[in-house]
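A structural walkthrough
Listed below, chain by chain, are the residues.
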Amino acid sequence: MYPGLGTDFNDRIIKMITGSNLANWHQTVARIFESESDSESIYELLKGVEALVHGNSSMAILYPKKSTPQVTHHRLLANEKPSAQVGRYIDGAYLLDPFFRTAIDESSDGLFLLREVAPDAFDQTEYFRVYYSEANLSDEACYLVQGEDGTVASLSIGRAADLHGGRFSTDEVTLLRSLFPLVKSVLRKWILDRDRAETDTFGNRLDSALENFGNSILTKRECEVLHMTMRGHSIKSMAERLDASVDTIKTHRKHIYSKLDITSQSELFYLFISALRHHSESDKDPLVSLDQAS
């Protein structure tokens, strides 16, 4: 049925997609193979996968190894703001994205659910508030594909809280996982066909900016607690990972907030984004650049 994808893949798809949905999916795959550009094939893939699992928010992103992310396709919910979901994300918020962290920190390929990759206190972070709670997005599934040159391609499907029960069902997740061979083929072609010219640009500096954020003011252990806090780890999780007591972690966080002159995770998030916007390559810690710009 679908050349090059194997009979096992074809059999699983037929069992899980029936009736008009199966006919529509056949048309989607045909349009993907007939597409004259990577952009067109990814658009058709996004639209087709959304329809299969009743998604209503989607995005395709390319993360080149040494440049800023490229959000090439997006369909946002009414409550999602392009300035935040795309603009602020590219500016540096992507560094806190659990899916991006999974791709970079674990070099993982496959389909991942937000509940599988997010730290235990992620729903208490400003990132969660901006990109999920405020946007009314209750669930997200993301395909991640690694390129040989370190580039990562992602394709995510989201669902609003008031649509089909909010979360993807077990059957829908099984269906999404079964589509991975096709998604992987399309995204790998996208990676291979991109311009391979790499420069040491803004995006590459951001990787080290996150690592060095706060180190001009904070101790090494305080920096570790700071970074884990921004990513969504609870105090208990940090204590376990850093082999420290809960009281010690609380003390570190108190010192961090005092030294950075902030009082909440919300202020920490926006301090981080502001620092990245002013970050100069000559300053390892983005906070130094922010102070100079003040």
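Residues numbered from 1 in each chain as written. Predicted model: local features only at pLDDT ≥ 70, side-chain atom pairs only at ≥ 80, totals over all residues. Heavy atoms only, no water.

An unreviewed UniProt entry annotates the protein chain as Transcriptional regulator, LuxR family originating from Microbulbifer marinus.

1. Comments concerning the nonpolar core
Tyr127, Tyr131, Tyr132, Phe213, Leu260 and Phe272 are the most contacted members of the largest nonpolar core, which has 55 residues in total. Ranked by residues supplied to this core, first place goes to helix H14 (residues 265–277) with 7 residues. Split by domain, this core shows at least three residues from each of two domains, domain 1 (7–195) and domain 2 (201–287). Discounting chain neighbours no more than four positions away, the residues touching leucine 260 are Ile217, Leu226, Leu268, Leu271 and Leu287. The next biggest cluster of nonpolar side chains, apart from the first, holds 31 residues, and it includes Leu45, Leu111, Ile157 and Leu175. (Core = buried A, V, L, I, M, F, W, Y, C linked by side-chain atoms within 4.5 Å. Buried < 20%, exposed > 50% of the residue type's maximum accessible area, 1.4 Å probe, protein only. Helix = DSSP H or I, 4+ residues; strand = E, 2+ residues; numbered from the N terminus. Domains from an automatic or database assignment. Contact = heavy atoms within 4.5 Å.)

2. Quick notes on the layout of surface pockets
Taken as a whole, the largest pocket encloses approximately 340 Å³ of empty space. In terms of lining residues, the largest pocket is bounded by 15 residues, among which Arg101, Asp105, Val117, Pro119 and His233 are the most central. Elements with a minimum of two residues in the lining of the largest pocket: helix H5 (98–106), helix H6 (114–117), helix H11 (220–231) and helix H12 (235–241). Here the lining of the largest pocket takes 5 residues from H5, the largest share from any one element. Taken together, the residues of the lining of the largest pocket sort by class into 5 nonpolar, 3 polar and 7 charged. Here the lining of the largest pocket spans two domains, and each of domain 1 (7–195) and domain 2 (201–287) adds at least three residues to it. (1 Å grid on protein atoms, 1.4 Å probe; cavity = no way out; pocket = protein on both sides within 12 Å on 5 of 7 lines; lining within 4 Å. Points joined across faces, edges and corners; volume = space filled by probe spheres on them. Nonpolar A, V, L, I, M, F, W, Y, C, P; charged D, E, K, R; others polar.)

3. Side note on the environment of glutamate 224
Note that glutamate 224 resides in helix H11. Classification of glutamate 224 as partly exposed rests on a relative accessible area of 27%. Once the C-alpha coordinates of glutamate 224 and glycine 214 are considered, the two residues, 10 residues apart in sequence, prove to be 9.8 Å apart.

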